[in-house]
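Summary of structural features
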Amino acid sequence: MHITARPKGLWLASAMTRLMKTTVLASSFAMLANVAGAVELTLWAPPSFTPQAGLPAIADAYQDLYTRFQQANPDITLKFEVLPGGTEALTQILTAANAGNLPDLAVLDGFWIARLKETGKLQPLDELWPEAERSKFYKEVLDAVTFDGKIYAAWFHNAWRGLYYRKDTLAKLGYTTPPAGWDEFLAYAEKAKAAGMSAVMFPGSGTELTALHMLSMYWGLGGNLVDDTGKPVFFDGANRTALEQVYSMYRELVEKGYMPLDVSTMDEAAIRPFFYSGENALTAQSSSAVTQMYADVPDLKGNLGAFNYPLPGGATATPILVGWTYGIFTDDPERKAAAWKFVDFVLQPENLGKLNAAAGHLPVIQSIWDQDFYKTDPLMLQFKGIFDTGGMRARPAVPIYPSITGAWAQQMADVLAGNITPAQAVDNARDQVMTEYDRLSTR
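Quick caveat: nothing in here was measured; it's all calculated off a predicted structure.

**Brief notes about the overall build of the protein**
Check the secondary structure of the protein and you find 18 helices and 14 strands. Its C-alpha atoms give the protein a radius of gyration of 22 Å, within 12% of the compact-globule value 22 Å for 443 residues. In terms of principal-axis extent, the alpha carbons of the protein reach across some 70 × 55 × 40 Å. Classification of the 443 residues of the protein by burial places 57% in the buried group. At a minimum sequence separation of 6, the contacts of the protein that also span at least 24 residues come to 77%. Positive and negative charge centroids in the protein, built from 36 and 47 side chains respectively, lie 2 Å apart.

**Overview of helix α8 (residues 182-194)**
In a regular helix each residue adds 1.5 Å, so 13 residues correspond to 18 Å; α8 covers 18 Å between its end C-alpha atoms and thus fits that length. Buried residues of α8: Trp182, Phe185, Leu186, Tyr188, Ala189 and Ala192, and no others. Along the axis of α8, the buried residues cluster in a sector spanning 160 degrees; they form a single face. Pointing more than 90 degrees away from the buried face of α8 are the exposed residues Asp183 and Ala194.

**With respect to helix α2 (residues 56-72)**
For an α-helix the count is 3.6 residues per turn, leaving residues at separations of three or four pointing the same way. For α2, spanning 17 residues, the distance from its first C-alpha to its last is 24 Å, which sits close to the expected 24 Å at 1.5 Å a residue. Within α2, the full set of buried residues consists of Ile58, Ala59, Ala61, Tyr62, Gln63, Leu65, Tyr66, Phe69 and Gln70.

**Some remarks on the packing of aromatic side chains**
Enumeration over the complete set of coordinates arrives at 28 aromatic pairs. On the basis of an interplanar angle of 80 degrees and a centroid distance of 5.4 Å, the ring pair of tryptophan 112 and tryptophan 324 is categorised as edge-to-face. Of this pair, tryptophan 112 sits in the loop between β4 (105-109) and α4 (113-117) while tryptophan 324 sits in strand β13 (residues 324-328), and the two are 212 residues apart along the sequence. By relative accessible area, which is 2% here, tryptophan 112 ends up buried. A relative accessible area of 18% means that tryptophan 324 is categorised as buried. Sitting over the ring of phenylalanine 275, arginine 166 keeps its end group 5.6 Å from the ring centre.

**Considerations on the pattern of salt bridges**
Under the counting rule described, the total for this entry stands at 20 salt bridges. A salt bridge links aspartate 64 to arginine 68, with the nearest nitrogen and oxygen atoms 3.0 Å apart. Of this pair, aspartate 64 and arginine 68 both sit in helix α2, four residues apart, which is roughly one turn of that helix. Glutamate 252 is the partner of lysine 256 in a salt bridge, and the nearest nitrogen-oxygen pair spans 2.7 Å. Sharing partners across several salt bridges, the network here consists of Arg240, Glu244, Asp427, Arg430 and Asp431.

Rules and cut-offs
Residues numbered from 1 in each chain as written. Predicted model: local features only at pLDDT ≥ 70, side-chain atom pairs only at ≥ 80, totals over all residues. Heavy atoms only, no water. Helix = DSSP H or I, 4+ residues; strand = E, 2+ residues; numbered from the N terminus. Rg over C-alpha atoms; globule rule 2.2 N^0.38 Å. Buried < 20%, exposed > 50% of the residue type's maximum accessible area, 1.4 Å probe, protein only. Contact = heavy atoms within 4.5 Å. Lys, Arg positive; Asp, Glu negative; His and termini not counted. Charge placed at Lys NZ, Arg CZ, Asp CG, Glu CD. Expected span 1.5 Å × (residues − 1). Arc of directions from axis to C-beta. Phe/Tyr/Trp six-rings, centres within 6.5 Å; stacked < 30°, edge-to-face > 60°. Lys NZ or Arg CZ within 6 Å of the ring centre and 35° of its normal. Salt bridge = Lys/Arg side-chain N within 4 Å of Asp/Glu carboxyl O.

Here is the structure:
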């Protein structure tokens, strides 16, 4: 397996250093890869899912995986190209689908699958993936990528979103456990404000990350995004009430001085330093950020706790299935079989467990929760408890989904600033989404 990285765009010096390391390692594999009948595959993936990952533990875990795959499969040459971040990556893939220059396989965000399936280029995996192997996975991760009875991607991790606290800060504010319920949360926020801190920071920029935090609350309050036909309904009846309430909660935090207005331009990474410095008592983050947080501030290890979003009326926020998948685009039988051989190797619990643990990802295979890291790490046990009590729900597998959450997030800055009311935000999102829905429906 000849591991070649071809970055797109400009990268920081540290990324180039990792590229050099990968290239040197690749050269040592070249002699093994150059065998008669070798299949050369191209993989597109974000750098965090390759040996170019920014954190050494993750990069090393992927390099070890690739090395061991190479030893077992010297006839397969794998070249990876790094994808850009966010929706730019989806745009790149859709453009490649139209131009006919897709890779053989790719690491794909789970919420892209419905849209990519519509291109006709994403290959179903049913004939490659035996039922006995699929049964190791949570049902939700299979259902989320199943269309017309066929599975189009293989999910390999989950990422919970909620609130993080320092245990010592919690104690200083007079609490032994995090606040439960909205009224208790506001009382906690008042104490944090009196202590000279912002109570909390939620990401408020116009991206999917903002919408994911909103969605967990929205579902917990009883809202639905679409009906059984896939038509958007978030602006009707009880669904509208739930979404207006989410916007109102965000606005209330800013109005009362519990959260700075600056979050309207920030994503999860941008708000973390304020938590590190003690300027805010709570931070809204993904579980996938934990490894980075420990790397940034080592003394957080052992002092970090997590809890679900507090909601009004005793409601419980719904944990969302959020993560990345492997999808195969090539329809050539030999190349498809080779691509699946690599994906199947990644998905084996003994291999995937190592990757999940290195990155701090939450498992989508039950048996990985029984591995030592997940059985003993206090924070991982907290995550497991949240999922066990709050359930898990996948984002709806409909093409209009990205438009819905994109429209939601784009209203947040004006809601936080008081430029529009929550009701106006819902109306604006409705108008934007239904224009796109009508366009998709008439194609």
